[in-house]
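# Tertiary structure, described
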Amino acid sequence: MSAASQGPLEAWADYFDGETARVQRVLLTLAPDRLTIARPDGSRLDWMAEDLRALADQAEPGGLVLALAGDPVQRLVIADSHIAGLLRKNAPQLTRRPPVENKGRILGWGLGAVASVALIIFVLVPIMANQLAAYLPPGGEKALGDATFEQIRAAMGEDLMPVEACEAEPGRAALDTMLARLDVADDLPYPLTLTVLDHELVNAFALPGGRIVIFRGLIDEAKNPDEVAAVLAHEIGHVVNRDPTRDALRLAGSVGVLGLIFGDFAGGTVVLFLANQVINAKYSQAAETGADDYAHAVLTGADLPPAALGSFFERLRDEHGDAEGINAHFSTHPQMTARIEAALAAQARLGHETTPVLGDGDWAALRAICGTPAEPGAEAGDVDEPAEHPTSVRPADEAAPIDGGGRHAGD
C-alpha cells in the first residue's frame, strides 16, 4: 500500500476481535506494506498488506470490511471512503478468495446428491407410481380424469367457450355399436366414458378414470370405420393398463421432486421439462407398445383387421418420416415402422377376411356426429404423435399434465 508524501495516512475505524461483542474504536495507520491498528488498551496490531481480505456483499458501498487471511473471526470496518479506496487499489490480495478445502469430498457429496435425485426420479417415483395406480380408488381416478378433460376443453376452446361435445343421436348410437363390437367390458377396471369433441385436430387420448376422448378430426380423416375402431381399441388398452393414472402419478412425483430443488426461478422449468421427456421416453414407449398389443388382440377377437391400426401410422410415416437415433429415444412413442410391422404381423396371424365394424349407414352417422360430415376419402392425418409429427396435439399435451398426464391416442 502506498502512503502520502507527507507521511503515513491515518483514519478511524471499528474493530471486532471476534472474542467479545464490544466494538473497539481504533486508529489505523497505513504504511506501504502494512495496516497498523492502535487499540484503546494501547496494544497494536500489524495486518500485512498481502494478508488483507475484503468481505463480499457489504451493505455500505463506499466503505470496506476487512478480514485477515487465515483468521475467521477478526473484522475491521472502515467507513472512510478515501482510505477504503486506497486499500482497494493497493492491497494486492484484497479480493482473493480462500482456497477451497476438501475438494474431493465436496465433489463426492455433489455427485452423491445428483445420484440420489436421479434415483428418486428414474427409479423410486416410477415404482411408487406403478404401485399406487393399482390402489387408487376409482372415484379418485375419475375425478382426476374429469378435471383434466374440462381443462382440455377450455384450453382448446375459443372466445372463452370450451370445445363442444358431439351428441348427435345417430352418431352416438354408431359409436355404441362400435364399442359393443370390440367387447371389452370384462377387461375394464371401471366403466368407460367415451366423448367426441367438435375439433378438427386428428387425435384421441385416454385420461385417468376410464375417460376416452376422440376429436372430430380423427373421424373425418379416417379412411374407414375400422381405423376409428383400431384407435379406440388402442386407447382402451391404455385404460385397461391404467397408463393414464401411472403417467399422472409419475409426472406429479418427478415435477414435485425437481420443483423442490429448482424452485420457480428461470431455468428450473426447462430442467423439469427435459426430465419429464426422458422419463416418458422410457415408460411411454412401453405403454404405447402394450396398448398396441392389446388393440391387436381385441381387433382379432372382434373379427376386425389389426392392420387398420397400422394404416394411420403408414400414412404418417410416408408424410412425416420416422424418428431415429436420439430423436427416437426422446420420443414418447415407438418408431412408426416397428408399429406398422407389428400391426401387419397381427393381421397375418388372423389369416382371413374380416367384417367391417360398421355398415355404411352407421359409418355415415358417425361421421356426422358433430354435424355436417366431412367429404369421404380424406387422408388421415396424425394420431397423437410427438411434437415433430402432426399427431401431436399441443393444447391437449399442455393441459393434460396439469392434473394428471393423459394418454394420447393412436400412438
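Up top is the structure.
Remember, predicted model here, so these are calculated numbers, not experimental data.

### A look at a nonpolar patch on the surface
The grouping of Leu119, Ile120, Phe122, Val123, Leu124, Ile127, Met128 and Leu132 at the surface amounts to a nonpolar patch, some 650 Å² of accessible area in total. With respect to the helices, strands and loops of the structure, Ile120 is situated in helix H2 (residues 103–133). You can call Ile120 partly exposed: its relative accessible area is 32%.

### Structural notes on the packing of aromatic side chains
Two numbers describe a pair of aromatic rings. These are the distance of the centres and the angle of the planes. One pass over the structure, following the stated rule, counts two aromatic pairs. Seen in terms of ring centroids, Tyr15 and Trp47 are 6.5 Å apart; in terms of plane orientation they differ by 65°. Their pairing is edge-to-face. With a gap of 32 residues between them, Tyr15 in strand E1 (residues 9–16) and Trp47 in strand E4 (residues 44–48) connect regions that are remote in the sequence. Accessibility classification places Tyr15 together with Trp47 in one group, the buried group. Taking 5.8 Å as the distance between ring centres and 55° as the angle between the ring planes, the aromatic pair formed by Phe205 and Phe215 counts as tilted. Placement of Phe205 in strand E9 (residues 204–207) and of Phe215 in strand E10 (residues 211–215) is noted, with a sequence separation of 10 residues between them. Grouping residues by exposure puts Phe205 and Phe215 together as buried. Sitting above the plane of the Phe149 ring, Arg211 keeps its charged end 4.1 Å from the centroid.

### Brief notes about the sheet that holds strand E6 (residues 64–68)
Spatially, E4-E3-E2-E1-E7-E6-E5 is the arrangement adopted by the seven strands of the open sheet, whose pairing is antiparallel. Single-partner strands in this sheet number two, and they are E4 and strand E5 (52–54). Along the sheet, successive strands turn relative to each other by an average axial angle of 35°, direction set aside. Alignment of E6 against strand E7 (residues 71–78), held across four bridges, turns out to be antiparallel. Residue pairing across strands places Val65 opposite Val77, the latter belonging to E7.

### Topic: the side chain of Arg246
Considering the arrangement of structural elements, one finds Arg246 in helix H7 (residues 243–262). Buried and unpaired, Arg246 has Asp243 as its nearest opposite-charge partner, separated by 4.5 Å. Once you skip the residues sitting within four places of it in the chain, Arg246 turns out to touch Ala129, Asn130, Ala133 and Asn241.

### Observations regarding the nonpolar core
If you look at the biggest cluster of nonpolar residues, it comprises 43 residues, and the most contacted ones within it are Met178, Leu182, Ile214, Leu218, Leu232, Ile236 and Leu366. Residue contributions to this core peak at eight residues, all from helix H6 (residues 225–241). Val26, Ala54, Leu64 and Ala91 belong to the second-largest nonpolar core, a separate cluster that totals 23 residues.

### Regarding helix H1 (residues 81–90)
One full turn of an α-helix is made of 3.6 residues, so residues set three or four places apart face in the same direction. Of the residues making up H1, those classed as buried are Ile83, Ala84, Leu86 and Leu87. One side of H1 holds all its buried residues, which, seen down the axis, span an arc of 160°. Pointing more than 90 degrees away from the buried face of H1 are the exposed residues His82 and Lys89. Tucked inside the fold, the buried residues of H1 contact E1, strand E2 (24–30), E5, E6 and E7. For H1, the N-terminal capping position is held by Asp80, with its side-chain oxygen 2.9 Å away from the main-chain nitrogen of His82.

### Some points on helix H4 (residues 169–182)
Spanning 14 residues, H4 covers 20 Å between terminal C-alpha atoms, matching the ideal 20 Å at 1.5 Å per step. Every buried residue belonging to H4 is among Gly171, Arg172, Ala174, Leu175, Met178 and Leu182, and all of these are buried. Looking down the long axis of H4, one finds its buried residues gathered within 160° of arc, a one-sided arrangement. In H4, those exposed residues whose orientation departs by more than 90 degrees from the buried face are Glu169, Pro170 and Ala180. Just beyond H4, the residue with positive phi is Asp183, at close to 55°.

### What about the pattern of salt bridges?
Where side chains of opposite charge bring their charged atoms close, a pairing between them can arise. The full count for this structure, using the stated rule, is 11 salt bridges. With its nearest N and O atoms 3.1 Å apart, the salt bridge here joins Asp146 to Arg211. Of the two residues, Asp146 sits in helix H3 (residues 138–156) while Arg211 sits in strand E10, which places them 65 residues apart along the sequence. Asp146 sits in the partly exposed class, given a relative accessible area of 22%. In this structure, a network of salt bridges that share partners links the residues Asp33, Arg34 and Asp46.

### Let's talk about the packing of H4 against helix H12 (residues 360–367)
Contact geometry of H4 with H12 gives a least axis separation of 7 Å together with a crossing angle of 120°. On the basis of the axis angle, H4 is oblique to H12. Between H4 and H12 the crossing geometry is left-handed. On H12, the residues that touch Pro170, Gly171, Ala174, Leu175, Thr177 and Met178 of H4 are Asp362, Ala365 and Leu366. A class-by-class count of the residues in the contact of H4 with H12 yields six nonpolar, two polar and one charged.

About the thresholds
- Residues numbered from 1 in each chain as written.
- Predicted model: local features only at pLDDT ≥ 70, side-chain atom pairs only at ≥ 80, totals over all residues.
- Heavy atoms only, no water.
- Patch = residues over 30% accessible without salt bridge, like charges linked within 9 Å, V, L, I, M, F, W, Y side chains within 5 Å.
- Areas by Shrake-Rupley, 256 points an atom, 1.4 Å probe, with all protein chains shown as cover.
- Salt bridge = Lys/Arg side-chain N within 4 Å of Asp/Glu carboxyl O.
- Helix = DSSP H or I, 4+ residues; strand = E, 2+ residues; numbered from the N terminus.
- Buried < 20%, exposed > 50% of the residue type's maximum accessible area, 1.4 Å probe, protein only.
- Phe/Tyr/Trp six-rings, centres within 6.5 Å; stacked < 30°, edge-to-face > 60°.
- Lys NZ or Arg CZ within 6 Å of the ring centre and 35° of its normal.
- Pairing = 2+ DSSP bridges.
- Axes fitted to C-alpha atoms, helices over the stretch in contact; angles between N-to-C directions.
- Lys, Arg positive; Asp, Glu negative; His and termini not counted.
- Contact = heavy atoms within 4.5 Å.
- Core = buried A, V, L, I, M, F, W, Y, C linked by side-chain atoms within 4.5 Å.
- Arc of directions from axis to C-beta.
- Polar contact = N/O pair within 3.5 Å; in protein donor to acceptor, adjacent residues only side chain to side chain.
- Expected span 1.5 Å × (residues − 1).
- Parallel < 35°, antiparallel > 145°, perpendicular 65-115°, else oblique.
- Left-handed = near helix turned anticlockwise from the far one by under 90°.
- Nonpolar A, V, L, I, M, F, W, Y, C, P; charged D, E, K, R; others polar.

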